[in-house]
Amino acid sequence: KKSGSERGGWDSWFEFLFSSLGSMVGLGNIWRFPYICYRSGGGAFLIPFFVSMVVCGCPLIFLETAYCQYSNLGPGKVWVVCPLFKGIGFGMMTVTFVVSIYYTVIMAWTLYYAALSFSASLPWSECVPGLRSLECLEVLNGNGRKPMFYPKATPPPPLQYDNSTLYSIPSQTVLNISPGLEELGGVQWRILVCLLVAWVLVFLCLIRGIKSMGKVVYVAATVPYVILTCLLIRGCLLPGAGNGLYFYITPVWDKLLSFEVWRNAASQVFFSIGMGFGLISTLASYNRFNNNCYRDAMILPILDCGTSVFAGLIIFTFLGYMADITGKSVDQVAQEGPGLVFVAYPSVLSTLPLPQLWSVLFFSMLFFVGLDSQFMHVQGVATALADCFPEQLLPRKTQVTLAICVVSFLLGIPFTTQGGFYLLNLIDWYIASFSVMFIVFLEVVVLAWIYGTDRLFEDISAMIGYQPHVIFKFAWKYFTPAFVIVLWLSGLINFTSIGEKNAGYPPWADVLGILIGFLPILPVPVKMAWTLLRAEGSFRKRLRRSLRPSPLWKPAAEKCDNADVLEEGIALSSIP
């Protein structure tokens, strides 16, 4: 029997699996993990990466899937388990909503690049005189001389113009990027149209909520793997591919003694699995009550890790080819972030036979990777709103989704300006720097210490029929919160502002960024104060009452037909 008859539920476990995989596997798996792996010891980096996944990733995924599946409530409502900390759920949704606004802009860029890939001459294969940021080299291959872009070892200030032989980088040419954040310029209608198309596609795929999304993810989550496989086969046939793979997987064991390497591994795991965004917990809230969330917590991290490693193989085969045709070493052409997928990779593809075909495949793959992640962002916000106002919004789920898409599209228009690139980087730099890890720390501490691991184990046993390994009690109470708080503090200590690392940002941009970074934490103290003020009795009684589960906290099986559940041998746990 499906859980949550009013909210809806998955038609099969595979819909949940593919949806969860789509939420976890995003652009970071393609443009960040390979570079971090190479810079942090190659094959040796996999050791701290897998250790971090075991200590932090698996316990967090298990925790988020368990307590939301048990109650069939998403982050917006599930904190009736401890009303004093309802702000945690609102903080998660704040992060998700902000990310969804600019994430679709990146999808719009991929659509724009994919459309331009049908041109007879690819725009990023042209050397355009102007901005002094990258050199445009004429490299010789079998088809003649083709331009190739690569980062200079010590690039000059990026806003200097002269009549030298230096040229602008492709992304600045194609996206028409302004010199800095203070010069936003006008809206670029081509990017705006692509943004509108992206949002229309997202809405159409979510028009019936998880009913339609559960079907679309079969395509959206699998097509990228097909394209990635094609790119890997093609990349392995290129000269220099072996050198690229060698640089990627050769272990540098001395790196394991570096704290920075372990911090990089932990950060990659943390953001790769999407903790603190409430996405996995939202998807788990649509599971059947007796779904084996214990099994899911083992499978999902393996799939996420495997995708990251697989993407790295593809990226470095092409970087090896890029190094071969430019006469550089792999470490000189390797880079991370948008520069990899919007600068280096397109330039490499433009040197291949049938460059239009490979460019279309590559940017289509990026779009699909972003699309299923964006499904989860929008669905997460829609679920939170519907859970908070079920009588008003549950019957109008399509209208709620439409409203979210329209508002997000309007808020995304500033990112389509010439300076929108800097605005996007600014928010992306700060939104998760201060808040996400702290929210996850609170989540684990509240559930493990206030609600209690014994209660959690009883709830899990009620769902799957047996108790998980006792190691998860120790993980939730000690290992995982310690891991997260150390990672958060080290991030604060080693934090650098965006103005220190990048040109084009005025001093006030850092102040704005810090305010944005702390925005998701704000609902926590606000909701705490609101909960205590509305309660009755002495402060001590108010505090004790607000730390106990409210009457709304109950197993999802009680909301369905108990007879059907009992037939499957599920024993309902009592709620204190």
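Conventions we followed
- Residues numbered from 1 in each chain as written.
- Predicted model: local features only at pLDDT ≥ 70, side-chain atom pairs only at ≥ 80, totals over all residues.
- Heavy atoms only, no water.
- Phe/Tyr/Trp six-rings, centres within 6.5 Å; stacked < 30°, edge-to-face > 60°.
- Helix = DSSP H or I, 4+ residues; strand = E, 2+ residues; numbered from the N terminus.
- Buried < 20%, exposed > 50% of the residue type's maximum accessible area, 1.4 Å probe, protein only.
- UniProt positions renumbered as here; feature names shortened; annotations may be inferred.
- Contact = heavy atoms within 4.5 Å.
- Axes fitted to C-alpha atoms, helices over the stretch in contact; angles between N-to-C directions.
- Parallel < 35°, antiparallel > 145°, perpendicular 65-115°, else oblique.
- Left-handed = near helix turned anticlockwise from the far one by under 90°.
- Core = buried A, V, L, I, M, F, W, Y, C linked by side-chain atoms within 4.5 Å.
- Patch = residues over 30% accessible without salt bridge, like charges linked within 9 Å, V, L, I, M, F, W, Y side chains within 5 Å.
- Areas by Shrake-Rupley, 256 points an atom, 1.4 Å probe, with all protein chains shown as cover.
- Salt bridge = Lys/Arg side-chain N within 4 Å of Asp/Glu carboxyl O.
- Expected span 1.5 Å × (residues − 1).

### Re the packing of aromatic side chains
Applying the stated criterion across every chain yields a total of 29 aromatic pairs. When the ring of Phe-62 is compared with that of Trp-476, the centres are 5.5 Å apart and the planes differ by 45°; the resulting orientation is tilted. In this pair, Phe-62 sits in helix α4 (residues 46-71) while Trp-476 sits in helix α21 (residues 471-493), placing the two residues 414 residues apart along the sequence. Judged by relative accessible area, Phe-62 falls into the buried class, the value being 0%.

### With respect to the UniProt feature "binding site: Na(+)" (unreviewed entry) in the protein
The UniProt entry lists Gly-22, Val-25, Asn-29, Ser-272, Asp-372 and Ser-373 under the feature "binding site: Na(+)" (unreviewed entry), expressed in the numbering used here. These annotated residues cover 352 residues of sequence, but their C-alpha atoms sit close together, with the largest distance between any two at 14.4 Å. In this structure, Gly-22 sits in helix α1 (residues 13-24). With near-sequence residues (within four places) excluded, Gly-22 lies in contact with Asp-372 and Ser-373. Mapped onto the fold, Asn-29 is located in helix α2 (residues 27-31). Not counting residues up to four positions away in its chain, the partners in contact with Asn-29 are Met-24, Pro-34, Ser-272, Asp-304, Ser-308 and Ala-311.

### Digging into the packing of helix α10 (residues 241-249) against helix α13 (residues 293-326)
Put simply, α10 and α13 touch, their axes get as near as 6 Å, and they point 135° apart. The angle between α10 and α13 places the two elements in the oblique class. With respect to the hand of their crossing, α10 and α13 are arranged in right-handed fashion. For the pair α10 and α13, the contacting residues are Ala-241, Gly-244, Leu-245, Tyr-248 and Ile-249 in the first and Ser-308, Val-309, Gly-312, Leu-313, Phe-316, Thr-317, Gly-320 and Tyr-321 in the second.

### Some thoughts on the nonpolar core
Counting 171 residues, the largest nonpolar core has Phe-270 and Phe-375 as its most contacted members. Examining the composition of this core, we find that 18 residues originate from one element, helix α5 (residues 87-116), more than from any other.

### Regarding the packing of α5 against helix α18 (residues 397-412)
One way to put it is that α5 packs onto α18 with a least axis distance of 9 Å and a crossing angle of 65°. Taken together, the axes of α5 and α18 are roughly perpendicular relative to one another. Between α5 and α18 the crossing geometry is right-handed. For the pair formed by α5 and α18, the contact residues are Phe-97, Ser-100, Ile-101 and Val-105 on the first element and Val-407, Ser-408, Leu-411 and Gly-412 on the second.

### A short note on a nonpolar patch on the surface
Taken together, Trp-449, Ile-450, Val-470, Ile-471, Phe-474, Tyr-478 and Phe-479 make up a surface patch of nonpolar side chains, about 660 Å² in accessible area. Listed by contribution, the elements that provide at least two residues to the nonpolar patch are α20 (436-464) and α21. With respect to the helices and strands, the residue Val-470 is situated in the loop between α20 and α21.

### Examining helix α19 (residues 420-431)
Between its first and last C-alpha atoms α19 spans 16 Å; for 12 residues at 1.5 Å apiece the expected length is 16 Å, and the two agree. Most of α19 sits out of view: nine of its 12 residues are buried. Along α19, the positions that sit buried rather than exposed are Gly-420, Tyr-422, Leu-423, Leu-424, Asn-425, Leu-426, Ile-427, Tyr-430 and Ile-431. Looking at the packing, one finds that the buried side of α19 touches α5, α20, α22 (498-501) and α23 (507-518).

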